[in-house]
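Structural description and commentary
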There are 4 protein chains.
Amino acid sequence: MDQIQGDAPGKLSAKRAERLERILNAAEQCFAESGFHGASIGSIAKACGMSVGHLYHYVENKEALIEEVIRRELGRHMQRLTELESAEPGDLVDELVAKVAETILHETDLFRTVLNFETLAEAQRNPKVAEVLQEFDGRMRLRFSEILRRSGVPHPEQKTELIFTIFGGLPARALRHPEQERTIITDTIVPVMRRILSDRTTD
Amino acid sequence: MDQIQGDAPGKLSAKRAERLERILNAAEQCFAESGFHGASIGSIAKACGMSVGHLYHYVENKEALIEEVIRRELGRHMQRLTELESAEPGDLVDELVAKVAETILHETDLFRTVLNFETLAEAQRNPKVAEVLQEFDGRMRLRFSEILRRSGVPHPEQKTELIFTIFGGLPARALRHPEQERTIITDTIVPVMRRILSDRTTD
Amino acid sequence: MDQIQGDAPGKLSAKRAERLERILNAAEQCFAESGFHGASIGSIAKACGMSVGHLYHYVENKEALIEEVIRRELGRHMQRLTELESAEPGDLVDELVAKVAETILHETDLFRTVLNFETLAEAQRNPKVAEVLQEFDGRMRLRFSEILRRSGVPHPEQKTELIFTIFGGLPARALRHPEQERTIITDTIVPVMRRILSDRTTD
Amino acid sequence: MDQIQGDAPGKLSAKRAERLERILNAAEQCFAESGFHGASIGSIAKACGMSVGHLYHYVENKEALIEEVIRRELGRHMQRLTELESAEPGDLVDELVAKVAETILHETDLFRTVLNFETLAEAQRNPKVAEVLQEFDGRMRLRFSEILRRSGVPHPEQKTELIFTIFGGLPARALRHPEQERTIITDTIVPVMRRILSDRTTD
DNA sequence: CATGAATGAGGCTTCATTCAT
DNA sequence: CATGAATGAAGCCTCATTCAT
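Residues numbered from 1 in each chain as written. Chains lettered and ligands numbered in written order. Predicted model: local features only at pLDDT ≥ 70, side-chain atom pairs only at ≥ 80, totals over all residues. Heavy atoms only, no water.

**Here we look at the environment of alanine 172 of chain C**
Stated precisely, the cut-off is as follows: Going along the chain from the N terminus, every DSSP run of H or I of four or more residues is numbered as a helix, and every run of E of two or more is numbered as a strand. Contacts are residue-level and defined by heavy atoms, with any inter-residue pair within 4.5 Å sufficient.
Among the secondary structure elements, alanine 172 of chain C is positioned in helix α8 (residues 156–176). Between the C-alpha atom of alanine 172 of chain C and that of asparagine 116 of chain C, which follows or precedes it by 56 residues, the distance is 9.6 Å. Residues contacting alanine 172 of chain C, with those up to four places away along its chain left out, are Phe117 of chain C together with Leu120 of chain D.

If you want it as structure tokens, here you go:
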């Protein structure tokens, strides 16, 4: 069910895979610079040193290309969860908070990307994109709440929703109030997260 | 602030104002349906029963039109603050939380719009839009934190940042996990807000 | 239900009509030269001294353009029936045959056009075109058999089918055996037609 | 007659012949579905499980491919004459009519093919195709009129022209008035043919 | 004030054909 | 023999914008 055409099962000759990779990288860059609809296929082709016609040997559609770029991005978000999962339960809350804080401060927090808003805007109009987004979010929720559960945090699903809401709000905050970004994270978000996670009450 | 052309010196005739209003309404609707780059000037002209040429008598540019639509939207966000300001300090925290909860539940929370993500994406690329966004956010922060201060909430600026982060995260959450939206607000966000606002400690 | 867009009811400003006419003429010529799919919109635009973009103000689609050209052609076929209808019943068979023979010899027989085969080929794949074709044929059958009936020809519907079959076969014959075209008409088709029409038996 | 490339001197290896056959079959099918200009070489290659590059080892050109497909089709038309030729002169007219009627009713009458109109349209523009068409028609005329002569039909060439005209008109009739097709053949065409063939007068 | 005619560039996509492997 | 990578032109169509009326 891959978005990208061809994909002879098994084969996918290294060359083909490498080309596709190059295309996706170029597309990502162009989309980040000009938006999904501002970037032209021509510009993407040029960015990866390929003729337009050739690009279409690897990609079925502009839409499919957008979708695949989004998928890759979301996949990267997912991968960031892996480091959190490796934390030992026990003093886990502290460690978790520390790691999360660090992540956020390095601008790699769970939902941040240049394409973040582009993607969300697209999801409002393109049901396929919405579906992809929701599917990924579902898997991330599952994994994150499992981490919380292992750490003894009560109501892990609820806490996950809350924390994801805050994470999801950070990129917008950064755009609306850039100077404050760092401060708000260290001074406010981190303590709040600590409190959320260490709170043993039932709310 | 005169993105829009013509501003006849002194006052802009009622007729002119009414036309502009119609254009902006149509533009808003078209942009919401198809995105800033997906909607054509032609479609907007048709949507407000106007010829393309005539529309250009009122609007300098597509870009200016986008900017003005964004400005209007942000203005509406601002207006929603007004009702909060009318609350009496005293039992203000309770009232505030109640009002905020109500607002959110009616899908009119402070940052939610169909054009929300469209706008944020645009702000990433268009410095003028970014500036507008930041200017409005600054004024909203000021007013909101003033409300908090009047209610005796400590660290009002910090709390404002935190609450704005959460508000800003809600629309994204709604897109990523639609089924949960209502529940998370009533069960999680509202209690959290209450705790944030009634907390008298210094963090 | 016109194929061509715009057509503000009533108005259709003479100018607009004249432009459309020019477009259709150019299209007809280009299609005749290169076929429906061999002729490009660009070539048509150039042929009528218009920019491509402008042409699209008058025509919705290449498909719609093809359809309208076909409709016009079929309309002309229909018009040729009018002269036949003016014949006085009485010695009508003779006159009819004479007129038909004359028509054929001037290469304007009922189904002949450069676009004839192009149209038939298109009808095989495009149901809309097929429908148009069948609708026109129905009306022509009706009118032609009515002429026959007025002339006292028995089984007018059947004769109509037979004569239309022969007419429909002539253009193909002309392509397959060009040298013979004239001869076959005068020496063979005309006598056959005469016999078909004057035959009072029931077959 | 060597539209197709390669013709290894002497004989073309069985393998080569088989490949070519497969290509022509695929091409025929694709052309029938999408028309000569609508079908792409790529689609034909896919339809015969061959790579595009490989296909070009057997075929020089798209144009040559079209021409060869046409040639094959016309060849099949010719072959249908063979069964008519086997009829014994004597009661030949009856038998002939019967056979022809049967042929027509099975939609295999002498000029009917899905590619019929496509071919005729092409012949109007491509002189090479026109030439092929005329050459085949000449040979068919010769053979058919010979059959008539053997059966004692007077003016066999003239009758041939007439009958070929009717045959050539049938497929168009079928497109223009589909419901009537069967009826017109059995009720009208067959009797007419019988009369044409058994008529001993000089017209 | 108001229309919509007009443009030309640019976007997405497809295609016939060639060539390196 | 066989593949499919690669190209570049061309096709259809849309769009923001301007201008004559």
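**Here we look at the domain arrangement of chain A**
Residues and elements named next belong to chain A. For clarity, the cut-off: What fixes the domain bounds is an automatic or database domain assignment. Buried area: the sum, over both parts, of the accessible surface (1.4 Å probe) that disappears when the two are put together. One side-chain nitrogen of Lys or Arg within 4 Å of one carboxyl oxygen of Asp or Glu is enough to make a salt bridge.
Partitioning chain A into domains gives domain 1 (1–59) and domain 2 (63–196). Carbon and sulfur atoms supply 68% of the area that domain 1 and domain 2 bury against each other, a total of about 1500 Å² over both sides. The interface formed by domain 1 and domain 2 holds 3 salt bridges in total. Glutamate 28 is the partner of arginine 76 in a salt bridge, and the nearest nitrogen-oxygen pair spans 3.0 Å.

**Considering the packing of aromatic side chains**
Condition: Note on aromatic contacts: the rings of Phe and Tyr and the six-membered ring of Trp form a pair at centre separations within 6.5 Å, being stacked when their planes are under 30 degrees apart, edge-to-face when over 60 apart, and tilted otherwise. Burial classes: relative accessible area under 20% of the type maximum marks a residue as buried, over 50% as exposed, and values in between as partly exposed (1.4 Å probe, protein chains only). For a ring to carry a charge above it, either NZ of a lysine or CZ of an arginine must fall within 6 Å of the ring centroid while also lying within 35 degrees of the normal to the ring plane.
Under the definition given, this model contains 8 aromatic pairs over all chains. Where phenylalanine 31 of chain C meets phenylalanine 36 of chain C, the ring centres are 5.0 Å apart and the plane angle is 85°; that geometry is what we call edge-to-face. As far as burial versus exposure is concerned, phenylalanine 31 of chain C and phenylalanine 36 of chain C are alike and both buried. Judged by centre distance (5.3 Å) and plane angle (55°), the rings of phenylalanine 144 of chain C and phenylalanine 164 of chain C are tilted. Of this pair, phenylalanine 144 of chain C sits in helix α7 (residues 127–150) while phenylalanine 164 of chain C is found in helix α8, placing the two residues 20 residues apart along the sequence. Residue classification places phenylalanine 164 of chain C among the buried positions, given a relative accessible area of 1%. When the ring centre of phenylalanine 136 of chain B is taken as origin, the NZ or CZ atom of arginine 139 of chain B, which lies over that ring, is 4.9 Å away.

**Looking at the interface of chain C and chain D**
Definition in use: Here a polar contact means two N or O atoms within 3.5 Å. Within protein one must be a hydrogen donor candidate and the other an acceptor candidate, and residues neighboring in sequence count only if both atoms are side-chain atoms.
Between chain C and chain D, the residue contacts involve 45 residues of the former and 45 residues of the latter. Linking chain C to chain D there are 6 salt bridges. Across the salt bridge formed by glutamate 161 of chain C and arginine 173 of chain D, the nearest N and O atoms sit 2.8 Å from each other. Taken together, the connections running from chain C to chain D amount to 16 residue pairs in polar contact (both at pLDDT 80 or more).

**Considering the interface of chain A and chain B**
Put simply, the rule reads: Amino acids outside the nonpolar list (Ala, Val, Leu, Ile, Met, Phe, Trp, Tyr, Cys, Pro) and the charged list (Asp, Glu, Lys, Arg) are all regarded as polar, and Gly is one of them.
Taken together, the contacts link 45 residues of chain A with 45 residues of chain B. Contact between chain A and chain B buries roughly 4000 Å² in total, counting both sides, with carbon and sulfur atoms accounting for 56%. Where chain A meets chain B, there are 6 salt bridges. A salt bridge links arginine 173 of chain A to aspartate 137 of chain B; the shortest N-O distance between them is 2.5 Å. Listed by contribution, the elements that provide at least two residues to the side of chain A that touches chain B are α1 (14–34), α6 (115–125), α7 (127–150), α8 (156–176) and α9 (181–198) of chain A. It is α8 of chain A that provides the largest number of residues to the side of chain A that touches chain B, a total of 13 residues. Counted by class, the side of chain A that touches chain B contains 19 nonpolar, 14 polar and 12 charged residues.

**Quick look at the side chain of threonine 188 of chain C**
The topology assignment puts threonine 188 of chain C in helix α9 (residues 181–198). Apart from residues no more than four positions distant in its own chain, threonine 188 of chain C is found in contact with Thr183 of chain C together with Gln158 and Leu162 of chain D.

**A closer look at the nonpolar core**
Rules: Nine residue types can take part in a nonpolar core, namely buried Ala, Val, Leu, Ile, Met, Phe, Trp, Tyr and Cys, and a core is a set of them joined through side-chain atoms within 4.5 Å.
Phe31, Leu65, Phe167 and Leu197 of chain C together with Phe31, Leu65 and Leu197 of chain D are the most contacted members of the largest nonpolar core, which has 126 residues in total. Beyond its immediate chain neighbours, meaning those up to four positions away, leucine 197 of chain D contacts Val93, Leu96, Val97, Leu148, Val153 and Ile163 of chain D. Among the nonpolar cores identified, the runner-up in size contains 124 residues, and Cys48 of chain A together with Leu84, Val100 and Ile189 of chain B belong to it.

**What about the relation of the copies chain A and chain B?**
Convention followed: Least squares is used to superpose the copies, and the fit set is the C-alpha atoms of residues whose pLDDT is at least 70 in both copies.
Aligned on chain B, chain A shows an RMSD of 0.2 Å; the corresponding rotation is 179° and the shift along the axis is 0.0 Å. Expressed as an axis order, the relation between the two copies is that of a two-fold axis. Every residue of chain A has its C-alpha some distance from the rotation axis, and the shortest such distance is that of glycine 169 of chain A, at 1.7 Å. The residues that chain A uses at the interface reappear at the interface of chain B in 100% of cases, marking a shared surface.

**Quick look at the state of the cysteines**
Under the convention used in this document: Criterion for a disulfide: a pair of cysteine sulfur atoms at a distance within 2.5 Å.
A full pass over the atoms with the stated rule returns 0 disulfides over all chains. The cysteine cysteine 48 of chain B is free of any disulfide, with cysteine 30 of chain B supplying the nearest cysteine sulfur at 8.2 Å.

**Notes on the side chain of serine 145 of chain C**
All names here are of chain C. Examined against the element boundaries, serine 145 turns out to sit in helix α7. Here leucine 142 takes part through its backbone oxygen, which lies 3.2 Å from a polar atom of the side chain of serine 145. What serine 145 contacts, discounting residues up to four positions off in sequence, is Pro156, Glu157 and Thr160.

**A closer look at the protein's contact with DNA strand F**
Cut-off, in case you're wondering: Whether a residue is near a molecule or strand depends on its heavy atoms: if one lies within 4 Å, it is near.
Taken together, 28 residues are adjacent to DNA strand F, and Arg19 and His54 of chain A, Tyr56 of chain B, Tyr56 of chain C together with His54 of chain D come closest. Within the side chain of asparagine 61 of chain B, one N or O atom sits 2.9 Å away from a phosphate oxygen of DNA strand F. Contacts to DNA strand F include arginine 19 of chain D, whose side-chain N or O atom sits 2.8 Å from a phosphate oxygen. When contributions to the surface near DNA strand F are tallied by element, the ones reaching two or more residues are α1 and α3 (52–58) of chain A, α3 (52–58) of chain B, α3 (52–58) of chain C together with α3 (52–58) of chain D. Its residues assigned to classes, the surface near DNA strand F comprises 10 nonpolar, 13 polar and 5 charged.

**Details of the relation of the copies chain C and chain D**
Of the transformation placing chain C onto chain D, the axial shift is 0.0 Å and the rotation is 179°, giving an RMSD of 0.2 Å. When the interface residues of chain C are mapped onto chain D, 100% of them are again interface residues, pointing to one common binding face.

**Structural notes on the protein's contact with DNA strand E**
Surrounding DNA strand E, one finds 29 residues, the nearest of these being Tyr56 of chain A, His54 of chain B, Arg19 and His54 of chain C together with Tyr56 of chain D. Considering the 4 Å shell around the protein, atoms of DNA strand E inside it are sugar or phosphate in 67% of instances. Between DNA strand E and serine 51 of chain C there is a distance of 3.3 Å, counted from a phosphate oxygen to a backbone nitrogen or oxygen. Between DNA strand E and isoleucine 41 of chain D there is a distance of 2.7 Å, counted from a phosphate oxygen to a backbone nitrogen or oxygen. Put simply, the parts of the chain that give the surface near DNA strand E at least two residues each are α2 (41–47) and α3 of chain A, α3 of chain B, α1 (14–34) and α3 of chain C together with α3 of chain D.

**Considerations on the confidence of the model for chain A**
The condition that has to hold: Residue-level confidence of the predictor, termed pLDDT, takes values from 0 up to 100.
Summary statistics for chain A give a mean pLDDT of 85 and a share of 87% for residues scoring 70 or more. Confidence over residues 1–11 of chain A falls short of pLDDT 50; this stretch has 21 contacts with residues more than four positions distant or in other chains.

**With respect to the pattern of salt bridges**
Inspection of every chain in the model, using the stated rule, returns 76 salt bridges over all chains. Note that arginine 19 of chain B and glutamate 18 of chain B form a salt bridge whose closest N and O atoms lie 3.9 Å from each other. Owing to a relative accessible area of 37%, glutamate 18 of chain B belongs among the partly exposed residues under this scheme. Its salt-bridge partner being arginine 76 of chain D, residue glutamate 73 of chain D comes within 3.1 Å of it at the nearest N-O pair.

**So, unusual backbone geometry**
The phi torsion at histidine 155 of chain B lies on the positive side, around 50°, for a residue other than glycine. Residue histidine 155 of chain B is classed as partly exposed on the basis of its relative accessible area of 30%.

**Observations concerning the environment of glutamate 181 of chain A**
Residue and element names in this part refer to chain A. As for its position among the elements, glutamate 181 is in helix α9. Note on glutamate 181: relative accessible area 13%, which makes it buried. As for glutamate 181 and arginine 194, which are separated by 13 residues in sequence, their C-alpha atoms are 19 Å apart.

**Brief notes about the environment of aspartate 137 of chain A**
Its location among the elements puts aspartate 137 of chain A in helix α7. Residue aspartate 137 of chain A is classed as buried on the basis of its relative accessible area of 2%. With 63 residues separating them along the chain, aspartate 137 of chain A and leucine 74 of chain A place their C-alpha atoms 8.7 Å apart. Only 2.5 Å separates the side chain of aspartate 137 of chain A from the side chain of arginine 173 of chain B, close enough to count as a polar contact.

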